Structure formats: C-alpha cells, structure tokens
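The primary structure of each chain is shown beneath.
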Protein chains: 2
Amino acid sequence: MSAASQGLRLVVGTFVDQLAHGGVRHVCVCPGSRSTPLAMLLAEHPGIRVWTHLDERSAAFFGVGLARALGEPVGLLATSGTAAANFFPAIVEANLARVPLIVLTADRPHELRDSGAPQTIDQLRLYGGHVKWFFDQPAPEPQASAEQVRLARVLAARAVGSATAEPRGPVHLNWPFREPLLPAAGHHADGQHASLEVRNPALTPTQELIASLSRDLSRAKRGLIVCGPHEDAELPTAVARLARCLGYPILADPLSGVRFGEHDRSLVVDAYDAFLRDAPTIERLQPEVVVRLGAIPTSKPLAQYLQRFPAARHILIDAGGWREPLGIASDVLHVDPRALCEALADEVAASAASPWTSTWLEVNSATRRAIRRHLDGLDELFEGSVFAQLASLLPDGCVLYAGNSMPVRDLDTFLASSSSALRCMSSRGANGIDGVVSSALGTSAAGVGRVVLVIGDVSFYHDLNGLLAARRHGLDLLVVLVNNDGGGIFSFLPQAQADAATFELLFGTPHGLDFRPFVEGYGGRFVRVRSWQDFGAAVGDGLAQGGLQVVEVPTDRARNVTLHRQVWRAVADALSPAAVC
Amino acid sequence: MSAASQGLRLVVGTFVDQLAHGGVRHVCVCPGSRSTPLAMLLAEHPGIRVWTHLDERSAAFFGVGLARALGEPVGLLATSGTAAANFFPAIVEANLARVPLIVLTADRPHELRDSGAPQTIDQLRLYGGHVKWFFDQPAPEPQASAEQVRLARVLAARAVGSATAEPRGPVHLNWPFREPLLPAAGHHADGQHASLEVRNPALTPTQELIASLSRDLSRAKRGLIVCGPHEDAELPTAVARLARCLGYPILADPLSGVRFGEHDRSLVVDAYDAFLRDAPTIERLQPEVVVRLGAIPTSKPLAQYLQRFPAARHILIDAGGWREPLGIASDVLHVDPRALCEALADEVAASAASPWTSTWLEVNSATRRAIRRHLDGLDELFEGSVFAQLASLLPDGCVLYAGNSMPVRDLDTFLASSSSALRCMSSRGANGIDGVVSSALGTSAAGVGRVVLVIGDVSFYHDLNGLLAARRHGLDLLVVLVNNDGGGIFSFLPQAQADAATFELLFGTPHGLDFRPFVEGYGGRFVRVRSWQDFGAAVGDGLAQGGLQVVEVPTDRARNVTLHRQVWRAVADALSPAAVC
C-alpha cells in the first residue's frame, strides 16, 4: 500500500474511531466512489453499524428516525454531488426537530472545485443555516502529519459534542479526498493521541429562579401546564408530579409522552383539540398562568385558545431556541425542562383540587364520552376512528408513528390517554409529509419497540423508496395506510369551495395508485380492509407476522370532512348548557 | 371577497402575468396550502400550463428536463417547509447544467419565522450559492399599493432575465403569504403598469479577437476542436464549418450535438474514448492547439489525453463561468461560442486536409471497425451493445436520454456518429444518478421528439416516483433499463478487489428488485428481454405503442467489466503497428 493509503487510514481511521468513542453507533451509508475512505473505515469499525441505502433522501430520514428513537447521534454519509443535496429535507427536519446527526459528505479536492468537474458541486455550507456547525476538512495528506491526525480527532469530537448539545441538531463535515481512495489495511486509529471527551450537562435552574417561580405558580388560581412534543422519556413523570403539586391540569400533546404510561395521569387533559373549538367552553376556561414545555402542540384550536388570552402569564420552558410562534410568551426560561419541573415540585406544597381543574377534567371527560359515543354509532371507515380502533389493538411498548397532515391531527383528537406504554412519534420538526416511511423504518431499526405507522397516501407515495430498507435490513413495520386518493387536508380549507376542476388539479391531486404491487414489490404484505372487523384482524395478523405489513383503509376526502365536522358538532352539543343540565 | 383577497390578486396576478410575458409557459406545481395564491393564479393564466406533481424532488427534475429541452425558463412552485428543500438536488443540477428555472417557494410571513411554527423553515437563501439570484418578496398587503404591484412586476421580469442570461441557471423567489390565501376573482393583472422587457443578447467577439485568433489557428499544424456537452441547437453546424475551414478534427462528445445530424460530419471523431486509452496511439497524436467548447466532455481518457499535453495552447470558449477542471487552459474567451465559430469561419481561408487530421480520422475508423467487429461477434446482452443496437432502432428526430454512471459512458464509446437527427441528452450538470426518470419525462413533455431513456437500475430506483408523471400527464417514454442489480460502475474501481462482502455491502449494493410490478403499478408496460432479437422487437413495439414502456436488459456487473476490457483490448490490437502493417 502507498503512503497515501496509509495517510488515509491514519487520518480517517482516527476520525471514525473518535466518532465511535463519542457515541456514534449507527451510520447510514449511501454508495459512492469519492466517499470510499469513510465508507470502508466506518464499515470495518467494530463499534459502528453501517446501514446502506440507495436513495440518500430516504437514508437521511432513516437516520433521523434512528437518532430520535435512540436519543443519540447517528451518522450519514454521501458521496460528492447531488447525492449530498438529497440529504437536505431530512437535515432541515432534524434541525427543527432537534435530532442529532453527524452528516458526512465526501468532496473533490480544491483543484477540482468550481471548475465544471464531474460530480462536483459547491458543498461548503451546503445546508446553510440548517445545521448547527459546519467544517470543511483538509484533504488527508499522503504523509499524514501528527497535526492532521490530531485535527481529525478534534473535529470528530466537536461534531458529536455540537450535535448533542441542547438544542440538539445536525452538524456537517465535508471531506475532500484525492485518489487513491482505498485506505491501507491496519488499525482503526493511531495510538498516539488519546480520545477526547466532550460533555454537555443539562442546564440546571438557579435557586433564585426556582424560588420565585414556585411562589408565583402556587398563588395562581387558574394555572395550566401545556406539554408539547419533546423527546425526553423521563419528562412525563416529572411533569405529572409538578401538575399534582400545583393542582394544574396538563394539556398533553400526543407527542409529549404525558398521555400514555403508568405515571399519574389524573390531571391529564387529552381532548382539548375537540372542546377548544367550542366558543362557550373557551369562555369558561380563562387561564391566569400557562406553563409551556416542549415544541408547539399539534392542535390548532389549542394555539388559538392560548392566543385568545395574551394577558395571562405565559411561561415557556425550553433548554434553548425560540419555539414560540404564538407571540404571547411573558417569560422564556432557558433551562432543562425536567430539571426545572423536578426542582419546582420539590419546592411547592401539594395543592388540593380546585374548581378550575375540576372544570377542565369534567369538560374533558364529557368530550371523550361524546366522541366515543359518536364513533360507536359509526360503522363506516372514518379516518378519525383509525386511532380509536388502534387503541385496543396495539401491544404494550409499541411505537405509534403518525404521519403529518391528517394522521397526526387525528391522533391528537381521537387517541385517548391511557396507562399503556405507548410511545407516539411524528416528524414534527417541519411537519413535512416527506420521508415519513423512512423515519418510521429508522425508528424500527432502533429496536425500541414494534412500530406502527399511520400515514396518508400522498405521504406514503412520497417516500415509497424508503420501503426498500424494510427488506434490505429485515425490519418490521406495520403501516396503516389511510388512502383517500389525494391531499385530504385541503378539503378542510376555503379552496375546497373553488370550482371542482381547479381544486382537484391543484389540491385534491388524485393519483389513482393501487399501492398493492408496490408493497409486494418490496416484499411486503398488503391488505385492503372494508370494515373495522377486517381492520382488527389485519392489524393483528400484521403484528403477528412481522416484516413489512401494509393495511390500507380506503376513505373519501369529502366525506372525511363531513364526518369530522359531525364529531365537533357532537362535542359542542354534549358541552352545551342544555346537555349539561 | 375581502380587500386582502383583492390585494393578493393584484400583486400575485401581476407577478404571474409578467412571468408569462417574459416567456414562462410551463410551471411545475406541487400541492400545498401556503402556496395557494400562486398556484391558483398560475393555473388560471391562459399563457401558462401547470404540471402538478406530488413529489417535489421529481417535480423539480421534470422542470429541468422541460426547460433544457425547450431552451426556455420553466417555473417550479412549492409550499413552505421541507417541500421546498426537496427541490434542492434539481436546483444544483440546473445551476451546473445551466438550465433556466424560476423557483417559487411560498413562505410564512415574518411573524411566524424562526419561532417553531408548523411547516416553517428558514427559506432565505435556501439554495445557497446554487441559484443565480435570490429575492425575498414582501407579503402582499391587504390594500396593495402601486409600489408593491410595480415591485411584483419588476421582480418577475428580473427573475426571467437573470435565469436566461448566460450562463443560464435557476433563480429563487420566496413569497411569504398571510391568510386569507384565496385570491379574489378578476383580471390577471392591473392594467396600470406596462409589462417589462429584459434582453440578454449574445456576447459577440471583438474584431481584434477574431483577427488574432484566426491568424493563430490557421498557422497551427496540429489543431483540434473538442466539443463537449451544450444546449445550442445551432452550434453543431457552426463548429463543423469552422473545423472545415481550419482543417481540424472535431472530437465530438455525444452530448455536443455534433455527432448526429445532416451537417458536415467528415471531420468528426467519435471513438476517442476507446482509442485514447491506448498509450502508443496517444503518442502519435500530440496536439499543438486545442479549441474547446461546451462543458467538460464525458470521456475520462479524453481528459487525461488533454492533460498529457499542458504545453499546447488550450483555448476555452465559453459565454461565462469557468468549466475547466483540467487546469490547462491557456486562453479563456468569454464570448458566445456560436458567434465566435461563425466569425472565425468567415475570417480563415479553407484549409486542405493535413496528415495530422488524416491520422485522427484513420485511427477513428480503425477503432470503430474494431468495436463493430467485436460486438458483432458477441451474442450476449453486453451493456455496451445497447447503444449499438439502438442506433438502428431509433426513429429520426428522437431524443436519446442517457442516465449517468455507465449509460452515458457507454453512449460515448458505443454510439457512432451518423446523419440521423438524433438528439442526445443527459443530466451532466452534476452527473447525478438522481432525478433522471423525471428529467426524461420533462423532456418528453416538451414535445420535441420521442424520448428513449437508457438508465441503470440504481438510478431508475432512485427516481421511481418520477414515473407517476407519465400516467398523470399522459406522456410517452421508452425506458431501456440496464439492470445489473446494483452499482455497476464500482466494479471498474480498485475497491472491486477488496473482500467481496465489504464490496457488496458498500458498493455493489444489490437490491434484488423486480421492477415489473412498479412499472405496471404506474400503468406502464414492462418487458424483460433475453436476446438482442427480443430487444429489437420490444423497442419497436414500445415505440409503436407509446405511453410508458420499460424494456429491461438484465446484465451482470462483473461480466460487464470483463466485456468492456475486451473491447478496449480489441481496439488496442487493431491499432497496434502489427495490425496496421
């Protein structure tokens, strides 16, 4: 082997070794020539599992799913050119969803840049402000200097450190390589440089903050906790304990982890998306103080309800960033949410049930009863019923992944809080319908529980390529495909009243696809159901069989709007003074 | 309708009207809510055809294909969020391939930016330096001021002007919109502001440049013209005329337009990719001056040949940019290539055939004969034979679209120059294997001739989603799918000697897909051939039937390397002194 190959091994091998040392255990690798040094040294490292993918877009979303499910940084590797550009949608998602990724792109060396060379694009800051950190590596020298080896180790350590510091997110390292691209055989790294430790401890609140906040919150008569999507598995217990101490109801987003599990859920309000559409009910529920955790909740009625009361004290607790599109926050606390919840709970004396809290819980129960009664009287395949049906079908410890657009909204409205150990996930960074299949498969690859994905047909089509990973990597995924042949959510918007031809051309966009041959082409099983009885059997069979299972629920876009509006009407009726009397 | 809806119509309608006035006749529109004002006003404009697509990545590549085939700017529209990020690979390609695109993205207004609002990402300079121009529009005011209407018109005119100025490329306009998103009914634009004209005339060479260059070129004994990929349909005739006047051979890339057609092809050299692999032949062909036009040619042996003679005068003629990865140019002339060729041809006296030129033409003929003889003796489904077979099957006026990686290289080596009106195209901006199906379908949508796409299986898989457009828009496309179940080009690289398991994991990446159900799922016809006789029949049937037709040629990756090397060996043997004697 040449000196150049030795240099490659020393520099890139050290880099890979430090990545593994920093906790990178999984890397999604896409084939390419220029990326050969990284691909080969990642593949041979005993601490790293390589997941190969042929479509970089799907690969990157798979990585997002894996990283989010595991709560640890995952690597991506693409060769030079548009390959790297295909990572972009998933990187945007990861940045907003706070998912740690180490994005590695191979590049041509300087002499081939910006000169029309093949497969050479400008990869400097390729992802713009959508990554937390970018660095353009020097091309490994034939005779790798100690300086360059040291730099490779430092950059790997900084990459992991930066990706995992709160708020977490993707980082990008660009690696120019010259030929030869094949690293020499040998050890993973030089033994001369010790590995590097980077630590990012949680941001703990000061005693002063705890004291003043606990005093203020204890005094409030009409307090609320709103818990939006987040990824801290231990936050739900802490939030539940704080709510109990303060006597506040918790408006728990389905992606907050607070709705499901064995923790104290007696103060959980889970039906607000339905009852906060009802104006008279909103007037009964004027808050004095709102404590908000996590990302903005899924429910638009909840957002509108909060904005209706800008004079209340709105306290936003977040380790960093500015997730406050409502524009009403009065206090933004940049501390670790769990640490603050625990410290506050230690500080405040337990509070008795208040009429305020009882009202919330009663309205919530009445709403859930009204929804259940309404769905019980409905035999047809209504999209909202999917989640109500799944509630009794999903095994404990399961991950329920909801696609964007309608599924995650239906999840919010129709899946009631329960003690089952159900983890709900979704792609709520940018709320895209893209890459959802791959994100769910990446979640499956994490091995944290059986994954059931509920997804609409346009979103399913968008990432059909992602299904290859199910077969390639022998993964289990049960997909509930809600197929209304087009963009169902647009039927809820004013343009649904435009002329039908224009609406169908631009928004309805029926594709007319029968997904069976696609699913079967990827080695999956496809079942189209005609009734909830079929559905129950198909989901049961699918879970028992494993592999890729797709259960299609055919629905109609216009009818879906009607049925949703009937539910909201039924809830309003149940909450009207006449009904309460 | 509200004042806001009137304002929307006035501002956005004026913008759309000026786009159409500037020559935008086609816009690829992807469904979304935030983009409603643009989508509706584009769809109703009588001068604009809207092509809806459900996957933004495929939509954008479709737009690239359409714009390149028509030689005119094409619009893209995406809603806010990751939808817009999915355009990125095609925008990178368009920028490097110099394809004019008007990229429109809908955005949230300022108060919802960078605050965790749904479907809101940072769209300012979303595509970085990969677009020629970016502008963030102001959100249309409820009472649209004359100033805002004027600005909308100016920005549309500038967008088209910038995209079509040499070197052409994509521009990006970001449009924040507030609700309501439905424009009022009414006229397309206000009648108050005249439409705007922007003109970008070709860069004509000065008399001084023409005089000095014609003198120098006339004197050179061993001159060459190298014509790489470009999109000017009238350049081939001009190049042929210049070559005739100078007595220079033309090394014509298959994507140069010079290899095929009724123009004078007597000085065209088309087999250099094969004979410039032969060291003794290279020594016979030392150039004194090289005139280069277009992008870097496809052939790596040609590039290496040119780099072998850095002391020669290398004159690069290009309207702009710096397409010179070889690092050997001695003169870079930023003028319109066609204008310069014509002016030079007018200036120089016709030259007699020189021994230099005869040698090139003889070596070329001997090479073509050797290749033909070798292929004639080969019955099996060799990838290189695909283009030799197609030569006699393609109808006149056809567009032959070659995928990247192996197909475009095989096109170069195996498709001989001819008088047939064949237009060869490929995605040679960044040479990606992504988006190729969609680019070919966009080419078909241009209506410039029947399109035959030759593509490898990994590239076909990468853009399977693109096939939806064939059905959705009733397009014809004949696909010759060269299926070697993985990344065939890697078998030519040194890593093919690595251990087989690692090679297959990282580079070979077999997917094992049977593409039949996918093609049939998109309403296409799929035929797998077993012989060249089958192949001829299938291509003939496919062309006769129209619609989406896929003819699969199954091959083997390792065997393909062997067969290519046999061809090069046969060429070297034919060119050896022993053979010439």
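Conventions and cut-offs
- Residues numbered from 1 in each chain as written.
- Chains lettered and ligands numbered in written order.
- Predicted model: local features only at pLDDT ≥ 70, side-chain atom pairs only at ≥ 80, totals over all residues.
- Helix = DSSP H or I, 4+ residues; strand = E, 2+ residues; numbered from the N terminus.
- Rg over C-alpha atoms; globule rule 2.2 N^0.38 Å.
- Buried ≥ 20, exposed ≤ 12 C-beta atoms within 10 Å, placed from the backbone.
- Arc of directions from axis to C-beta.
- Contact = placed C-beta atoms within 7 Å.
- Domains from an automatic or database assignment.
- Nonpolar A, V, L, I, M, F, W, Y, C, P; charged D, E, K, R; others polar.
- Pairing = 2+ DSSP bridges.
- Axes fitted to C-alpha atoms, helices over the stretch in contact; angles between N-to-C directions.
- Right-handed = clockwise from strand over helix to strand, strands pointing away.
- Least-squares fit on C-alpha atoms with pLDDT ≥ 70 in both.
- Parallel < 35°, antiparallel > 145°, perpendicular 65-115°, else oblique.
- Left-handed = near helix turned anticlockwise from the far one by under 90°.
- pLDDT = per-residue confidence, 0-100.

## Some remarks on the overall build of chain A
Right, so step 1: Of the regular secondary structure elements, chain A holds 23 helices and 18 strands.
Right, so step 2: Relative to a compact globule of 581 residues, whose C-alpha radius of gyration would be 25 Å, chain A shows 25 Å and is just as compact.
Right, so step 3: With the C-alpha coordinates of chain A rotated into their principal frame, the extents come out at 90 × 60 × 45 Å.

## Quick look at helix H11 (residues 300–307) of chain B
Residue and element names in this part refer to chain B.
Right, so step 1: Along H11, the residues classified as buried are Leu 302, Tyr 305 and Leu 306. On an axial view of H11, the arc spanned by its buried residues comes to 95°, and they lie on one face.
Right, so step 2: For H11, the elements touching its buried residues are strand E8 (250–252), helix H9 (272–275), helix H10 (279–284) and strand E10 (289–293).

## Overview of the domain arrangement of chain A
Residues and elements named next belong to chain A.
Right, so step 1: Split by domain assignment, chain A resolves into domain 1 (3–176), domain 2 (207–365) and domain 3 (380–559).
Right, so step 2: Spacing between the C-alpha centres of domain 1 and domain 2 amounts to 39 Å.
Right, so step 3: At the interface, 4 residues of domain 1 touch 4 residues of domain 2.
Right, so step 4: A breakdown of the residues in the side of domain 1 that touches domain 2 according to their chemical character gives 1 nonpolar, 1 polar and 2 charged.

## Some details on the sheet that holds strand E6 (residues 170–176) of chain B
All names here are of chain B.
Right, so step 1: Within the open sheet, the 6 strands sit side by side as E2-E1-E3-E4-E6-E5. Their pairing is parallel. Strands with a single pairing partner mark the edges of an open sheet, and in this sheet they are strand E2 (49–52) and strand E5 (133–136). Within this sheet the neighbouring strands show an average axis-to-axis angle of 20°, counted without direction.
Right, so step 2: Judged from the 5 bridges that link them, strand E3 (residues 74–78) and strand E4 (residues 101–107) form a sheet pairing that is parallel. In the strand pairing of E4, Ala 78 is matched with Thr 105.

## Some details on the pairing of strand E13 (residues 399–402) of chain A
Residues and elements named next belong to chain A.
Right, so step 1: Judged by which residues are buried, E13 turns out to be covered on both faces: Val 399 and Tyr 401 on one side and Leu 400 and Ala 402 on the other are all buried.
Right, so step 2: Alignment of E13 against strand E14 (residues 423–426), held across 4 bridges, turns out to be parallel. Paired with Tyr 401 across the strands is Met 425, a residue of E14.
Right, so step 3: For the handedness criterion, the β-α-β arrangement of E13, helix H15 (residues 406–414) and E14 is classed as right-handed.
Right, so step 4: Across 4 bridges, the pairing between E13 and strand E15 (residues 451–456) is parallel. Paired with Ala 402 across the bridge in E15 is Val 454.

## Points about the environment of Phe 535 of chain B
Residue and element names in this part refer to chain B.
Right, so step 1: In this fold, Phe 535 is placed in helix H21 (residues 532–545).
Right, so step 2: A tally of 22 C-beta atoms within 10 Å means that Phe 535 is categorised as buried.
Right, so step 3: Each C-alpha atom, one on Phe 535 and one on Phe 275, is 28 Å from the other, the two residues being 260 residues apart in sequence.
Right, so step 4: Phe 535 has contacts with Gln 389, Val 529, Val 551 and Val 553, leaving out every residue within four places of it along the chain.

## Remarks on the interface of chain B and chain A
Right, so step 1: At the interface, 73 residues of chain B touch 73 residues of chain A.
Right, so step 2: Where the side of chain B that touches chain A is concerned, the elements lending two or more residues are helix H2 (36–44), E2, helix H4 (82–85), helix H5 (88–97), helix H17 (457–462), helix H19 (500–508) and helix H20 (516–521) of chain B.
Right, so step 3: For the side of chain B that touches chain A, the element with the highest residue contribution is H5 of chain B, accounting for 5 residues.
Right, so step 4: Tallied by class, the residues present in the side of chain B that touches chain A amount to 38 nonpolar, 23 polar and 12 charged.

## Focus on the environment of Ser 212 of chain A
Residue and element names in this part refer to chain A.
Right, so step 1: Tracing the backbone shows Ser 212 in helix H7 (residues 207–219).
Right, so step 2: In this structure Ser 212 comes out as exposed when scored by C-beta crowding, with 11 C-beta atoms within 10 Å.
Right, so step 3: Residues Ser 212 and Leu 344, spaced 132 residues apart in sequence, show a C-alpha to C-alpha distance of 9.9 Å.

## A short note on the relation of the copies chain B and chain A
Right, so step 1: Once turned by 180° and shifted 0.0 Å along the axis, chain B lies on chain A with an RMSD of 0.0 Å. The operation mapping one copy onto its partner corresponds to a two-fold rotation axis.
Right, so step 2: By residue overlap, the copies meet face to face through one surface: 100% of the interface positions of chain B are interface positions in chain A.

## With respect to unusual backbone geometry
Residue and element names in this part refer to chain B.
Right, so step 1: Cis peptide bonds are those with omega within 30 degrees of zero, and the linkage from Glu 166 to Pro 167 qualifies with -10°.
Right, so step 2: Checked against the element boundaries, Pro 167 lands in the loop between helix H6 (146–164) and E6.
Right, so step 3: Cis geometry is found at the peptide bond from Glu 179 to Pro 180, where omega equals 5°.
Right, so step 4: As for its position among the elements, Pro 180 is in the loop between E6 and helix H7 (207–219).

## Re the packing of helix H8 (residues 235–246) of chain A against helix H12 (residues 337–347) of chain A
Pairs of packed helices are described in terms of their axes, by the angle between the two and the distance that separates them.
Residue and element names in this part refer to chain A.
Right, so step 1: One can describe the packing of H8 onto H12 by two numbers: an axis separation of 9 Å at closest approach and a directional angle of 30°. Taken together, the axis directions place H8 and H12 in an arrangement best described as roughly parallel. For the pair H8 and H12, the sense of crossing is left-handed. Contacts from Leu 235, Ala 238, Val 239, Arg 241, Leu 242 and Cys 245 of H8 reach H12 at Pro 337, Arg 338, Cys 341, Glu 342, Leu 344 and Ala 345.
Right, so step 2: Partitioned by chemical class, the residues of the contact of H8 with H12 number 9 nonpolar, no polar and 3 charged.

## Thoughts on the sheet that holds strand E4 (residues 101–107) of chain A
All names here are of chain A.
Right, so step 1: With parallel pairing, the 6 strands of this open sheet are ordered in space as E2-E1-E3-E4-E6-E5. Either end of the sheet is taken by a strand with one partner, and the two such strands are strand E2 (49–52) and strand E5 (133–136). Direction aside, neighbouring strands of the sheet carry axes that sit 20° apart on average.
Right, so step 2: Across the face of the sheet, helix H6 (residues 146–164) comes into contact with E4, E5 and strand E6 (170–176) while running at roughly 160° to E6.

## Some points on the confidence of the model for chain A
Right, so step 1: In the predicted model, chain A carries a mean pLDDT of 96, and the fraction of residues at 70 or more is 98%.
Right, so step 2: Scoring of the predicted complex yields 0.98 for pTM and 0.98 for ipTM.

## Some thoughts on the packing of helix H1 (residues 3–21) of chain B against H6 of chain B
All names here are of chain B.
Right, so step 1: At their nearest, the axes of H1 and H6 sit 8 Å apart, and the two run at 30° to each other. Between H1 and H6, the angle is such that the two are roughly parallel. At the point where H1 passes H6, the crossing takes the right-handed sense. Residue-level contacts link Leu 10, Val 11, Thr 14, Phe 15, Gln 18 and Leu 19 of H1 to Gln 148, Val 149, Ala 152, Arg 153, Leu 155, Ala 156, Ala 157 and Val 160 of H6.
Right, so step 2: Classifying every residue of the contact of H1 with H6 gives 10 nonpolar, 3 polar and 1 charged.

## Focus on the environment of Gly 128 of chain B
Right, so step 1: Mapped onto the elements of the fold, Gly 128 of chain B is located in the loop between E4 and E5.
Right, so step 2: Residues Gly 128 of chain B and Phe 88 of chain B, spaced 40 residues apart in sequence, show a C-alpha to C-alpha distance of 9.8 Å.

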